[in-house]
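What follows is each chain in one-letter form.
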Amino acid sequence: MAALAPPVAAIRVAVRRALTGLSSDGPVLVACSGGADSLALAAATVFVAPRLGRSAVLVTVDHGLQDGSTERAETVAAWGREVGFSSTTVVPVKVAGRPGGPEAAAREARYEALAEAARQQKAVAVLTGHTRDDQAETVLLALARGAGPRGLAGMPARRELDGVPLLRPLLEISRDQTRAACAVLGLSPWQDPHNADPSYARSRVRADLLPALVRALGPGVVDNLARTARMVAADNAALDELAETALAAARHPAGGLSVPELVGLVPAVRGRVLHFWARELGALPGALSHRHVAALDALVTDWDGQGPTDLPGGVRVLRRADRLSPVDPG
Ligand SMILES: Nc1ncnc2c1ncn2[C@@H]1O[C@H](COP(=O)(O)OP(=O)(O)OP(=O)(O)O)[C@@H](O)[C@H]1O
């Protein structure tokens with residue numbers, strides 16, 4: 001028997017590891033665009049899942065943003081049926097009219113559609129094909145935008161998507177490996193023209209910045225950036241845990257937070273406490289920035305009687321004596 005090509009084997013091992021961690025029974029849903037990453041993921045999942053006693057379903061989202069997008073999505077679904085997915089679905093979504101740029105709007109519509117498909121299929125997990133290269137790009141973008149530790153942690157290998165685990169089994173697999181696996185398996189991936197469109201910051205990072213860094217600093221750069229994300233994520237988890245405990249201890253008996261308790265915290269923990277509390281009060285997570293947290297922090301550490309701080313989402317916080325409390329912005 002011929003030996004299994006290394007990229008195919010590595011991707012199967014990564015998928016097996018991700019699926020082995022699932023506790024409940026039920027199908028897994030693969031989000032497949034037809035690009036090399038998610039095609040390699042889908043091919044590995046349809047091989048591995050039945051061997052672990054699971055079925056696999058394939059969902060491809062038609063964003064309707066390019067000519068021929070529906071035909072392409074149908075081609076992906078037809079391939080899925082051919083290779084043995086127990087069900088394949090094309091989900092059309094409406095991207096126009098959503099807030100944010102086109103990239104963010106498409107992403108939001110896609111995740112909503114994947115969550116809905118997972119509910120309908122009673123799937124126990126949604127798998128996406130994000131790779132180590134995607135992770136390195138995410139870290140670079142976060143660094144350049146000053147996103148702080150939360151951004152530098154990149155994408156987690158697992159998070160919740162409307163109550164279903166979203167898994168990224170390929171975060172330690174390179175894009176070269178997914179392309180090589182597709183070539184070995186005779187699959188012809190779709191090339192998303194958006195990925196080469198220089199009007200997107202991520203495309204410029206992919207096409208120009210990362211290759212320049214690799215030329216300047218060596219081939220280990222991509223792996224090192226992805227490792228940085230894992231290390232920062234671990235530190236974030238520890239700091240978040242400390243902040244949860246500190247938040248509980250800082251609650252003032254009369255409501256709000258106690259300033260003396262907050263003053264006693266190290267800045268990294270205090271910032272997180274204020275962030276968590278702002279979220280709890282209803283501040284909009286997407287719009288809540290480090291500037292808002294810094295303004296709350298100034299109420300704690302640099303107060304000379306200044307008025308309230310406004311947070312996105314119609315939340316207003318006031319300091320009175322030794323207490324921070326929400327007030328009606330009315
Ligand atoms: N139209 C789509 N339908 C279903 N899943 C999608 C679609 N677009 C993206 N995804 C999922 O999100 C992941 C990340 O997509 P993104 O476009 O950000 O990266 P990519 O590197 O171009 O991935 P790919 O090569 O798989 O298209 C994909 O691997 C796939 O799992």
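Criteria and cut-off values
- Residues numbered from 1 in each chain as written.
- Predicted model: local features only at pLDDT ≥ 70, side-chain atom pairs only at ≥ 80, totals over all residues.
- UniProt positions renumbered as here; feature names shortened; annotations may be inferred.
- Core = buried A, V, L, I, M, F, W, Y, C linked by C-beta atoms within 7 Å.
- Buried ≥ 20, exposed ≤ 12 C-beta atoms within 10 Å, placed from the backbone.
- Helix = DSSP H or I, 4+ residues; strand = E, 2+ residues; numbered from the N terminus.
- Contact = placed C-beta atoms within 7 Å.
- Near = placed C-beta within 6 Å.
- Nonpolar A, V, L, I, M, F, W, Y, C, P; charged D, E, K, R; others polar.
- pLDDT = per-residue confidence, 0-100.
- Domains from an automatic or database assignment.

- Per an unreviewed UniProt entry, the recorded name for the chain is tRNA(Ile)-lysidine synthase, and the organism is Micromonospora jinlongensis.
- Listed under Catalytic activity (unreviewed entry) in UniProt, the entry text for the chain is "cytidine(34) in tRNA(Ile2) + L-lysine + ATP = lysidine(34) in tRNA(Ile2) + AMP + diphosphate + H(+)".

### Concerning the nonpolar core
Then, number 1: Grouped together as the largest cluster of nonpolar side chains are 51 residues, with contacts concentrated most on Ile11, Val28, Leu29, Val30, Ala40, Val126 and Leu127.
Then, number 2: The element that contributes the greatest number of residues to this core is helix H2 (residues 36–51), accounting for 10 residues.
Then, number 3: When neighbours within four sequence positions are excluded, valine 126 is seen to be in contact with Leu29, Ala31, Leu114, Ala118, Leu161, Val164 and Leu166.
Then, number 4: Listed in part, the 21 residues of the second largest apolar core include Leu247, Val273, Val300 and Leu324.

### Concerning the site of the ligand
Then, number 1: Close to the ligand lie 18 residues, the nearest being Ala31, Ser33, Gly35, Ser38 and Gly129.
Then, number 2: When residues of the shell around the ligand are traced back to their parent elements, those giving at least two are H2 and strand S2 (56–62).
Then, number 3: For the shell around the ligand, the class distribution of residues is 5 nonpolar, 9 polar and 4 charged.

### Remarks on the confidence of the model for the chain
Then, number 1: Residues with a pLDDT of 70 or more make up 100% of the chain, whose mean pLDDT is 95.
Then, number 2: Two summary scores accompany this predicted model of the complex, namely pTM at 0.91 and ipTM at 0.93.

### So, the domain arrangement of the chain
Then, number 1: Its domain assignment divides the chain into domain 1 (6–222) and domain 2 (251–327).
Then, number 2: A separation of 37 Å is found between the C-alpha centroids of domain 1 and domain 2.

### Remarks on the UniProt feature "domain: tRNA(Ile)-lysidine/2-thiocytidine synthase N-terminal" (unreviewed entry) in the chain
Then, number 1: The UniProt record annotates "domain: tRNA(Ile)-lysidine/2-thiocytidine synthase N-terminal" (unreviewed entry) at residues 28–207.
Then, number 2: In the segment residues 28–207, helix accounts for 49% and strand for 16%; the C-alpha atoms at its two ends are 33 Å apart.

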